[in-house]
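# Breakdown of the fold
Here are the chains, one letter per residue:
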Amino acid sequence: MIDRRVCAVLLVMCGPAAAQQAPPPSPAQETPPPLVTTLEEVRALPPDEETLDLYTFDNPIKVESNRFNDRYHPPPSPKEITENGGYLVYGFAKLVGFAAQGLQKIPGIKGQVQPAIARPPPLDLAQMERAARISAQGARDETSAMEAPAAPTPSHD
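Here the structure is a predicted model, which means the values were calculated and not measured. (Residues numbered from 1 in each chain as written. Predicted model: local features only at pLDDT ≥ 70, side-chain atom pairs only at ≥ 80, totals over all residues. Heavy atoms only, no water.)

### Overview of the overall build of the protein chain
Selection rule: Strands are runs of DSSP state E lasting at least two residues, helices are runs of H or I lasting at least four, and both sets are numbered from the N terminus onward. Buried residues are those whose accessible area, probed at 1.4 Å on protein chains only, stays under 20% of the maximum for their type, while exposed residues exceed 50% and partly exposed ones sit between those limits. For every accessible area listed, the method is Shrake-Rupley and the probe measures 1.4 Å; residues are considered covered only by the protein chains on display.
Looking only at helices and strands, the protein chain features 5 helices and 0 strands. Ordering the α and β elements of the protein chain from the N terminus gives α-α-α-α-α. When burial is assessed residue by residue, the protein chain has 2% of its 157 residues classed as buried. In the form shown here, the protein chain has an accessible surface area of approximately 16700 Å², with 62% of it arising from carbon and sulfur atoms.

This is the structure in structure tokens:
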């Protein structure tokens, strides 16, 4: 570190020498600075067109689903990937999906979605006819009970 006294001595010695080296400019050579700065013509240009993203188009015509809709899913746009964690997360999710598909191929493992299996009706034809008869008879008994006035019940006092 340089001592403060040494710095002061150097300033005293170099100060007048630096002042003598630069001659003062003559008043004839000096041009006064302009008082007002004018700008050139400024034009407002329309913004650049955005890049065309084919997956942002929403078709106003709704088409019935078919066998291709089940399998085809368009890839996510770069904007969707960055909003959902980036390419590493996207790749990891794809890897997990492929691993899950591989697990489905192992014998004995059933997937989350199972096809519907039709079961036989709980009653056979004879039982269904008997149930319909009893139901119709019960409905007739209820309507006749509603039509006939109820008899007064004797009280035991």
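### Let's talk about the confidence of the model for the protein chain
To be explicit about the condition: Summary of the metric used: pLDDT quantifies the predictor's per-residue confidence within the range 0 to 100.
Confidence in the prediction for the protein chain averages 78 pLDDT; 77% of positions are at 70 or higher. The spread of mean pLDDT over the elements of the protein chain runs between helix 1 (residues 4-21), the lowest at 65, and helix 3 (residues 78-83), the highest at 92.

### Structural notes on the pattern of salt bridges
Which entries qualify depends on this criterion: What counts as a salt bridge is simple: a side-chain nitrogen of Lys or Arg found within 4 Å of a carboxyl oxygen of Asp or Glu.
For the coordinates displayed, the defined rule picks out 1 salt bridge. The salt bridge involving E41 is made with R43; its shortest N-O contact spans 3.2 Å.

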